[in-house]
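Close look at the chain arrangement
Take a look at the letters that make up each chain.
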Amino acid sequence: MFGCATAVLHKVAPSRGKAVVREVLGEHVPEVWVSDRFAAQNGHGESRQLCLAHLLRDAQYAIDAGDTVFAPPLKDLLLRAVDIARRREELQDSTLYQYRCRLDRELDDLVTRPSDSHAGEKLRGQIRRVRCELFVCITNRGVPATNNASERYLRPAVIFRKITQGFNAEWGAAFYAGVRSVVDTGRLYGLSPLAAIRRVLAGQSVILPAAA
């Protein structure tokens, strides 16, 4: 599933590999790609914002595994970043820049501290490799802190697949992906599923003008 502020595109494929993403994007390179740390999600945008919700789960896992040095302060840092991202509309650009610098400094200091558990040390190594991809959302107002919206759009397709055990024909998968793309994109513009489908059948776009 691929989504942005103006459209949602579903793609049903037998693989989650990088080739599927490249097939959909073609020559297009997003300015910022928002995703989790799954390897196939790397390298598609000019820069990447890692999903902070996924990282919070990783930090909690390390805490539950006994880490007391690295994961707890990382979790606090990520929660602060999420809170700042939620309040961006009420903050000045200069304030966001200061917050970003502070978060970066604290993260730089944090990743130098050896952890006291295997899980914490593993997480520390992972964060060191992606540390520049954690706080893009702080100073770029158009970038979400998480990919939760994409996860929500994806959930009905996952449930459908589990109930039906998948598709018996490629045309069925393509049809389902098309319908989900139309319905979910329509919702971005206040259209009901029926209204969105009717517009497409009438040869009209579900992406409405900004003034509408």
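Use the structure listed above.
The rules behind these values
Residues numbered from 1 in each chain as written. Predicted model: local features only at pLDDT ≥ 70, side-chain atom pairs only at ≥ 80, totals over all residues. Heavy atoms only, no water. Helix = DSSP H or I, 4+ residues; strand = E, 2+ residues; numbered from the N terminus. Buried < 20%, exposed > 50% of the residue type's maximum accessible area, 1.4 Å probe, protein only. Contact = heavy atoms within 4.5 Å. Areas by Shrake-Rupley, 256 points an atom, 1.4 Å probe, with all protein chains shown as cover. Lys, Arg positive; Asp, Glu negative; His and termini not counted. Charge placed at Lys NZ, Arg CZ, Asp CG, Glu CD. Disulfide = S-S within 2.5 Å. Salt bridge = Lys/Arg side-chain N within 4 Å of Asp/Glu carboxyl O. Patch = residues over 30% accessible without salt bridge, like charges linked within 9 Å, V, L, I, M, F, W, Y side chains within 5 Å. Expected span 1.5 Å × (residues − 1). Axes fitted to C-alpha atoms, helices over the stretch in contact; angles between N-to-C directions. Parallel < 35°, antiparallel > 145°, perpendicular 65-115°, else oblique. Left-handed = near helix turned anticlockwise from the far one by under 90°. Nonpolar A, V, L, I, M, F, W, Y, C, P; charged D, E, K, R; others polar. Arc of directions from axis to C-beta.

1. Re the overall build of the protein
Helices and strands together make up the secondary structure of the protein, namely nine helices and four strands. Each helix and strand of the protein, placed in order from N terminus to C terminus, yields the pattern β-β-α-β-β-α-α-α-α-α-α-α-α. A total of 212 residues make up the protein; the buried ones form 38% of that total. Within the protein, contacts between residues at least 6 apart in sequence are counted, and of these 55% link residues at least 24 apart. In the structure as shown, the protein presents an accessible area of about 12600 Å², 54% of it carried by carbon and sulfur atoms. Treating the 30 positive side-chain charges of the protein as one cloud and the 23 negative ones as another, the clouds have centres 4 Å apart.

2. Regarding the state of the cysteines
Applying the stated rule across the entire model yields zero disulfides. Between cysteine 137, a cysteine without a disulfide, and cysteine 51, which holds the nearest cysteine sulfur, the sulfur-to-sulfur distance is 10 Å.

3. With respect to the pattern of salt bridges
Under the criterion given, the structure shown has 13 salt bridges. As a salt-bridge pair, glutamate 106 and arginine 80 come within 2.8 Å of each other at their nearest N and O atoms. Remark: arginine 80 occurs in helix α3 (residues 71-86) and glutamate 106 occurs in helix α4 (residues 93-110); sequence separation between them is 26 residues. Classification of glutamate 106 as partly exposed rests on a relative accessible area of 32%. When its relative accessible area of 35% is taken as the criterion, arginine 80 is described as partly exposed.

4. Details of a nonpolar patch on the surface
A surface patch of nonpolar side chains, about 210 Å² in accessible area, is lined by Val12, Phe160 and Phe167. Residue placement: valine 12 occurs in the loop between β2 (8-9) and α1 (18-25).

5. Some details on helix α8 (residues 170-188)
The terminal C-alpha atoms of α8 lie 27 Å apart, and with 19 residues this matches the ideal 27 Å at 1.5 Å per residue to within 8%. Among the residues of α8, those classed as buried are Gly172, Ala173, Tyr176, Ala177, Arg180, Ser181, Val182, Val183, Asp184, Thr185 and Gly186. Just beyond α8, the residue with positive phi is glycine 190, at close to 80°.

6. Remarks on the environment of arginine 86
Within the secondary structure layout, arginine 86 lies in helix α3. In sequence terms arginine 86 and arginine 141 are 55 residues apart; their C-alpha atoms lie 9.9 Å from each other.

7. Notes on the packing of helix α2 (residues 52-64) against α3
Taken N-terminus to C-terminus, the directions of α2 and α3 make an angle of 160°; their axes are 9 Å apart at the nearest point. What the angle tells us is that α2 and α3 run roughly antiparallel. In this structure, α2 meets α3 at a crossing whose hand is left-handed. On α3, the residues that touch Leu52, Leu55, Leu56, Ala59, Gln60, Ala62 and Ile63 of α2 are Ala71, Pro72, Leu74, Lys75, Leu78, Leu79, Ala81 and Val82. Residues belonging to the contact of α2 with α3 are distributed by class as follows: 13 nonpolar, one polar and one charged.

8. Some words on helix α5 (residues 118-130)
For α5, which comprises 13 residues, the first-to-last C-alpha distance of 19 Å matches the rise-based estimate of 18 Å (1.5 Å per residue) to within 8%. Of all the residues in α5, the buried ones are Ala119, Gly120, Leu123, Arg124, Gln126, Ile127 and Val130. Seen from one end, α5 has its buried residues packed into an arc of 165°, which puts them on one side. Residues of α5 that are exposed and angled more than 90 degrees away from the buried face: His118, Lys122, Arg128 and Arg129.

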